[in-house]
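# Examining the three-dimensional arrangement
Here's the letter readout for the chains.
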Amino acid sequence: MKKLIFGALVAVILPAGISPRAFAQDDEEEIVISKEADATVSLDPLVSSAAVWQMTGDQIATAFKAKGFAWLDPKTKDRGLIRPRNLILKDDSNKKTIQYRMMRHKLMLFGSPAYEASLEFSGGKLNSVSISIWNKGDADQPIIKAIYEDLIKKTVSAVNVALAVPGRDLGLDNTAAAKISRWRWESPITLAQLESSAGKDADRQFTAEFIRLRLVPKGASGLESKGTSIAKVSVSSLTGRVKTNPAGDVYIDSVPMVDQGEKGYCAVATTERVMRYYGIQVDQHDLAKAAETSGSGTNPQDFENALHHLQGRFKIRVRDLIHFDDKDYEKMMEVYNREAKKAGARQAKPGDYYFEFNPDIMREARCRAGAFEKFRN
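What follows is about the overall build of the protein. Counting its secondary structure elements, the protein contains twelve helices and 18 strands. In the protein, 54% of the contacts between residues at least 6 apart in sequence involve partners at least 24 apart.

Rendered as structure tokens:
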């Protein structure tokens, strides 16, 4: 086998008849395409097609099977995601050898790149679409104000044509997790809303957060402010979700799945799951704006402060069960190193603690000084 490597592009030449399965990721279904054009996925039909709202989840999954679609939860089939995934381009024009090349989907909306499309289903049919046109987490680099504003302008013009109705500038919405500028369209078939958010960094310089297009069928709800789209969840329904399996394990059922993608949004994506569980239809990108999350992660203290700030907006109460600051970290290191010394093991240095600790010693240390009891309570 001969490998030809050109930067990030890998071409693999195999004798005819040999499968390329080894080149697909273990957690993804192998997708083989026969021409490079198949890697480009147009999301335009999700906006302009009147028939899209009549499609079932299975029909969408079939139509976009090779175009990056995957269920967030295959059991419930209530939410799916179209996102660039690994592809294998098969070139069998040469009868003696077959050449396979690794590629990725390229999502397009109105002729410009897009990052993903989140789809929600109700009653078995498509009920909501949210297309991420640009967001700071998935972007390779930030964009300047002029490009950000031009992208919004071009999208407004494109949606005007796609829905055959002019959009209305609704101005700023301050009730969501992030301040959002909105454009709204109301066609006979579809309600659409273009949402964008930007701010300033610590140096008071412009910073773009996200641009997304959300759509629902005419007559459906779902385009309300994310801050006011709160479903009432009763205590009895929540207690009914606490399950016990035959092995005696107790778990919480029906926590919605969220896919953070390849960006450092673990904290905000996890919080989106929790808030959706309680009926709050918030988005990880809104939370990332509120917590000043970067592509590499979220500062814990900034995130804690953001959650407390959002209590009134989301009609929730945030309680710190375990407070963690620099003193807590120093105390934890002190207890750990004491246990490590007893065990004759290497002691951890400040800053390297999470990379060097011994799991068994860590377990012993965390059960000292009432830490475990506090956690269990």
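This brings us to the packing of aromatic side chains. Per the counting criterion, the structure on display carries five aromatic pairs. Summarising the aromatic geometry, the rings of Trp-71 and Phe-121 are spaced 5.2 Å apart at their centres and angled 55 degrees between planes, so their arrangement reads as tilted. With Trp-71 in strand 5 (residues 69-71) and Phe-121 in strand 11 (residues 116-122), this residue pair connects regions lying 50 residues apart in the sequence. The burial state of Trp-71 is the same as that of Phe-121; both residues are buried. A connected cluster of aromatic rings, assembled from ring pairs, spans Phe-69, Trp-71 and Phe-121. The side chain of Lys-67 reaches across the aromatic face of Phe-64, ending 5.6 Å from its centre. One cation-aromatic arrangement involves Arg-241 over Tyr-277; the distance from NZ or CZ to the ring centre is 4.8 Å.

To continue, consider the sheet that holds strand 10 (residues 112-113). Reading across from one edge, 4-9-10 is the order of the three strands in this open sheet, with mixed pairing throughout. Of all the strands in the sheet, just strand 4 (40-42) and strand 10 have a single pairing partner and so form its edges. Where strand 9 (residues 106-109) and strand 10 come together, two bridges link them in antiparallel fashion. Its bridge partner lying in strand 10, Leu-109 is registered against Ser-112.

What follows is about the pattern of salt bridges. For the structure shown, the criterion picks out 21 salt bridges. Across the pair Glu-195 and Arg-212 runs a salt bridge whose closest N-O atoms are separated by 2.6 Å. Here Arg-212 lies in strand 16 (residues 206-217) and Glu-195 lies in strand 15 (residues 190-200), a separation of 17 residues in the sequence. Of the two residues, Glu-195 and Arg-212, both sit in the buried class. Of the charged contacts in the structure, one is a salt bridge between Glu-195 and Arg-214, with a shortest N-O distance of 2.7 Å. Taken together, the positions of Glu-195 in strand 15 and Arg-214 in strand 16 put the pair 19 residues apart, joining distant regions of the chain. Of the two residues examined, Glu-195 and Arg-214, each falls in the buried class.

What follows is about the nonpolar core. Membership of the largest hydrophobic core comes to 39 residues, with the highest contact counts inside it found for Leu-43, Leu-46, Ile-82, Leu-119, Ile-131, Trp-185 and Leu-213. At six residues, the largest contribution of residues to this core is made by helix 3 (residues 145-163). Here Leu-213 is in contact with Val-47, Leu-109, Phe-110, Val-129, Ser-130, Ile-131, Ile-133, Val-159, Trp-185, Ala-192, Gln-193 and Leu-194, once residues within four sequence places are set aside. Counting residues in hydrophobic clusters, the runner-up holds 15 residues, among them Tyr-265, Met-275, Val-282 and Phe-303.

Moving on: unusual backbone geometry. Although it is not a glycine, Phe-110 adopts a positive phi angle of roughly 55 degrees. The backbone phi angle of Glu-292 is positive, close to 55 degrees, even though this residue is not glycine. Mapping Glu-292 onto the fold places it in the loop between helix 6 (284-291) and helix 7 (300-309).

As a further point, take the side chain of Gln-284. By the secondary structure assignment, Gln-284 is in helix 6. The exposure class assigned to Gln-284 is buried, which follows from its relative accessible area of 4%.

Another point: the environment of Val-32. Within the secondary structure, Val-32 is located in strand 3 (residues 32-33). For Val-32, a relative accessible area of 38% puts it in the partly exposed group. As for Val-32 and Met-102, which are separated by 70 residues in sequence, their C-alpha atoms are 9.6 Å apart. Not counting the four nearest positions on each side in its chain, Val-32 is found in contact with Ile-88 and Lys-90.

A few words on the environment of Glu-272. Among the structural elements, Glu-272 can be located in helix 5 (residues 266-277). Separated by 15 residues in sequence, Glu-272 and Met-257 have C-alpha atoms that sit 9.0 Å apart.

A cluster of nonpolar side chains, namely Val-242, Val-250, Ile-252 and Val-255, defines an oily patch on the protein surface of about 330 Å² accessible area. By the secondary structure assignment, Val-255 is in the loop between strand 18 (250-252) and helix 5.

About the criteria used
Residues numbered from 1 in each chain as written. Predicted model: local features only at pLDDT ≥ 70, side-chain atom pairs only at ≥ 80, totals over all residues. Heavy atoms only, no water. Helix = DSSP H or I, 4+ residues; strand = E, 2+ residues; numbered from the N terminus. Contact = heavy atoms within 4.5 Å. Phe/Tyr/Trp six-rings, centres within 6.5 Å; stacked < 30°, edge-to-face > 60°. Buried < 20%, exposed > 50% of the residue type's maximum accessible area, 1.4 Å probe, protein only. Lys NZ or Arg CZ within 6 Å of the ring centre and 35° of its normal. Pairing = 2+ DSSP bridges. Salt bridge = Lys/Arg side-chain N within 4 Å of Asp/Glu carboxyl O. Core = buried A, V, L, I, M, F, W, Y, C linked by side-chain atoms within 4.5 Å. Patch = residues over 30% accessible without salt bridge, like charges linked within 9 Å, V, L, I, M, F, W, Y side chains within 5 Å. Areas by Shrake-Rupley, 256 points an atom, 1.4 Å probe, with all protein chains shown as cover.

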